Amino acid sequence: MKNILITGGAGFIGSHVVRLFVTKYPNYTIVNLDALTYAGNLENLKDIENSPNYRFEKVNLLDVAALTQVFQQHQITDVVHLAAESHVDRSITSPLDFVYTNIVGTVNLLNVAKTHWANELDKHLFYHISTDEVYGALGDEGFFTETTPYHPNSPYSASKAASDHFVRAYAETYHMHTVISNCSNNYGPYHFPEKLIPLFINNIIHKKPLPVYGDGKYTRDWLFVKDHATAIDVIFHKGQINDTYNIGGFNEWKNIDLVKLLCKLMDEKLGRAVGESEQLITYVKDRPGHDRRYAIDATKLNKELGWYPSVTFEQGLAETIDWYLNNGEWLHNITSGAYEKYYASMYTNR
Ligand code: NAD
Ligand code: DAU
């Protein structure tokens, strides 16, 4: 029996983790704590919201009293911490939001967990979900391993790096049992359409320009979100205490090649002429401090815990495109209102 607090469960990756844990572990109680910022959406969890082992708490990580109340009321035994400000472009325009949620929010959660678990810290786990962006940028060669030095380049990655350091410090200083995983770029259903793949799917549907930053030769390592959720499940249950695991897709793509593939698949699905959507590609001003290449070496996770991605990129991308085409209402609800203002402010000046 466990009462697991999953933070950020109404977001993209968090909703997949909540769904996996709620359905796979009926003996666990899953408490989803989320402030429901612009990125949090309870629609993402409609299918499991009435499950007997699921609870939701609308709480901000900055509200220590409310966090304490959640730990007491649900007798939280373990934490899987995903809540964060997650979009690099927003971190460039509003860095302090990232300091508050990603750094102060994480330290608040560590403090409340430490106090609640008091003299039994070794019986509980604080699992912190992080990103490969903490390692900085790679050139044409090489991979990030668990021993690559931290070298964050954006306010987002600096805030995630700081939160990782705090988690490590709480393990060393207070002997909390912690684990950290650093994952590469995720894609899949319920991805907020400010990030490359869902933004471009939405723009292709509406025949809007596809704004490719810089020369388009920036490289990312893409992982299907459901495979990230299974990696988190494996690390939560079998990971070494106070250790770190890299999670990646073994799947590097230059942005422009990925965008062209997406255009081709979308043209096929939408019955459009070959090459029609590629004409929407528009090169725009680069992202400041844009990291050239990310590539994860996930060998340790594979060798120690036996995890490997379950789907190919072709399968995952096809499932993702189908999901967006079949969930027009979800997409419409998200892209109306505040989203339109965001899009106008981010993209008109590029
Ligand atoms: P997301 O932006 O989709 O979701 C974040 C969630 O956190 C939202 O539901 C939001 O409401 C909630 N939240 C934000 N601020 C909060 C606060 N102050 N208090 C409580 N809740 C708050 O993010 P995501 O893409 O699902 O990422 C989840 C985690 O995984 C993040 O920690 C991110 O750094 C990490 N990560 C993401 C990726 C990726 O490709 N998306 C890759 C590696 C790691
Ligand atoms: O690597 C893990 C990280 O991946 C996560 O920690 C972040 O939370 C997540 O947002 C993601 O960061 P990126 O900056 O890599 O993702 P994004 O989808 O914003 O951009 C992917 C690439 O596409 C990047 O090189 C920038 C480029 N891009 C992005 C957008 C939104 C464009 O060319 N045009 C765009 O409009």
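For the structure, check the block above.
Quick look at the structure, then.

Looking now at empty space enclosed by the protein. Scanning the model with the defined rule gives one cavity of 30 Å³ or more in all. Along its surface, the largest cavity is lined by V88, E133, S154, R220, R287, G289, H290, D291 and Y294. Here the lining of the largest cavity is composed, by residue class, of two nonpolar, three polar and four charged.

What follows concerns the site of ligand 1. Close contacts around ligand 1 come from 29 residues, with I13, D34, S86, Y156 and K160 the closest. With respect to ligand 1, the backbone of A35 contributes an N or O atom lying 3.1 Å from a nitrogen atom. Here an oxygen atom of ligand 1 and a side-chain polar atom of S86 are 2.7 Å apart. For the shell around ligand 1, the secondary-structure elements that each account for two or more residues are α1 (12-24), β5 (125-131), α5 (155-174) and β7 (185-187). At three residues, β5 tops the list of elements feeding residues into the shell around ligand 1. When its residues are assigned to classes, the shell around ligand 1 shows 14 nonpolar, twelve polar and three charged.

Rules and cut-offs
- Residues numbered from 1 in each chain as written.
- Chains lettered and ligands numbered in written order.
- Predicted model: local features only at pLDDT ≥ 70, side-chain atom pairs only at ≥ 80, totals over all residues.
- Heavy atoms only, no water.
- 1 Å grid on protein atoms, 1.4 Å probe; cavity = no way out; pocket = protein on both sides within 12 Å on 5 of 7 lines; lining within 4 Å.
- Points joined across faces, edges and corners; volume = space filled by probe spheres on them.
- Nonpolar A, V, L, I, M, F, W, Y, C, P; charged D, E, K, R; others polar.
- Near = heavy atom within 4 Å.
- Polar contact = N/O pair within 3.5 Å; in protein donor to acceptor, adjacent residues only side chain to side chain.
- Helix = DSSP H or I, 4+ residues; strand = E, 2+ residues; numbered from the N terminus.

No statement about biological role is implied by the geometric values presented.
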